[in-house]
Amino acid sequence: MAITVYFVRHGQTYLNRYHRVQGWSDAPLTSQGQTDAKRTGKVLSGVGFDYLFSSDLARTMETARLLLAASNNSQIKAPTPTPAFREEFFGFFEGLDSAMLTNFLGAETGFDNFADMFSKLGPDTLKDRVAAADPYKDAENHVQFWNRVSKGIDRLRSLPDGSTAVVVSHGVTIRSIAEHYGYHTTESVKNGSLTRLTLTPTDTQVDFYNQLELPE
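Residues numbered from 1 in each chain as written. Predicted model: local features only at pLDDT ≥ 70, side-chain atom pairs only at ≥ 80, totals over all residues. Heavy atoms only, no water.

**A closer look at the pattern of salt bridges**
We count it as follows: Salt bridge, as used here: a side-chain nitrogen of Lys or Arg that lies within 4 Å of a carboxyl oxygen of Asp or Glu. Strands are runs of DSSP state E lasting at least 2 residues, helices are runs of H or I lasting at least 4, and numbering of each runs from the N terminus. Each residue is assigned to one of three classes by its accessible area relative to the maximum for its type, calculated with a 1.4 Å probe on protein chains only: buried under 20%, partly exposed between the two thresholds, exposed over 50%.
For the structure on display, the rule yields 7 salt bridges. With its nearest N and O atoms 3.0 Å apart, the salt bridge here joins D26 to R59. Placement of the pair is D26 in the loop between α1 (14–17) and α2 (31–43) and R59 in helix α3 (residues 58–71), with a sequence separation of 33 residues. By relative accessible area, D26 is classed as partly exposed at 32%. Take R59: its relative accessible area is 1%, and that puts it in the buried class. Close ionic contact of D56 with R86 constitutes a salt bridge, the shortest N to O distance being 2.7 Å. Highlighted residues: D56 in the loop between β2 (51–54) and α3 and R86 in the loop between β3 (80–81) and α4 (98–106), separated in sequence by 30 residues.

**Things to note about the environment of T202**
By secondary structure assignment, the location of T202 is in the loop between β5 (194–199) and β6 (204–211). Residue class for T202 comes out exposed when judged on its relative accessible area of 77%. In the structure, T202 is positioned 145 residues away from L57 in sequence and 30 Å away in space, judged by C-alpha atoms.

Set out below in structure tokens:
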């Protein structure tokens, strides 16, 4: 038996719209972000999920509530806030224009956009580079990130056999999880997209990544 987990990126926020770094900082969902959440809920209406977890940040909790209402799942009353599934913490760089962060971290090594830097360096190396550059030393390095996120994965893995869970999380976190378990990609995670994992006691399989509809 196994656990099926649908990871959902939150709907678009104002900081997303303005291309700002958004880790533990928060911003409300835009009208498009609310549409993202409702659309994903409708996509999941045919999935009989047993659990709904969410990062405890406001944008994911709002997405999870809208998703739940649109999914017609009457068994779950509210999402369960789970700090383990928060976004990476960028420390001093929170709220910075993403192009400025790329220039600050990547100019000397020839990177001119954050997505390219993420793809070429890999998520863990990039986390360490952000943490090393933070003058306040608040940003998470990859060890701190995985110490946190692994607790959430372990919680999912301990659910009853055959369970299906939905987890509303964040772009860097979802992509990092996918990469960590062998799914290498150059695609950034779209708002409201679905990434499905199958968990067993000893294995993690990425079934699909970054989809706006359920694959056939």
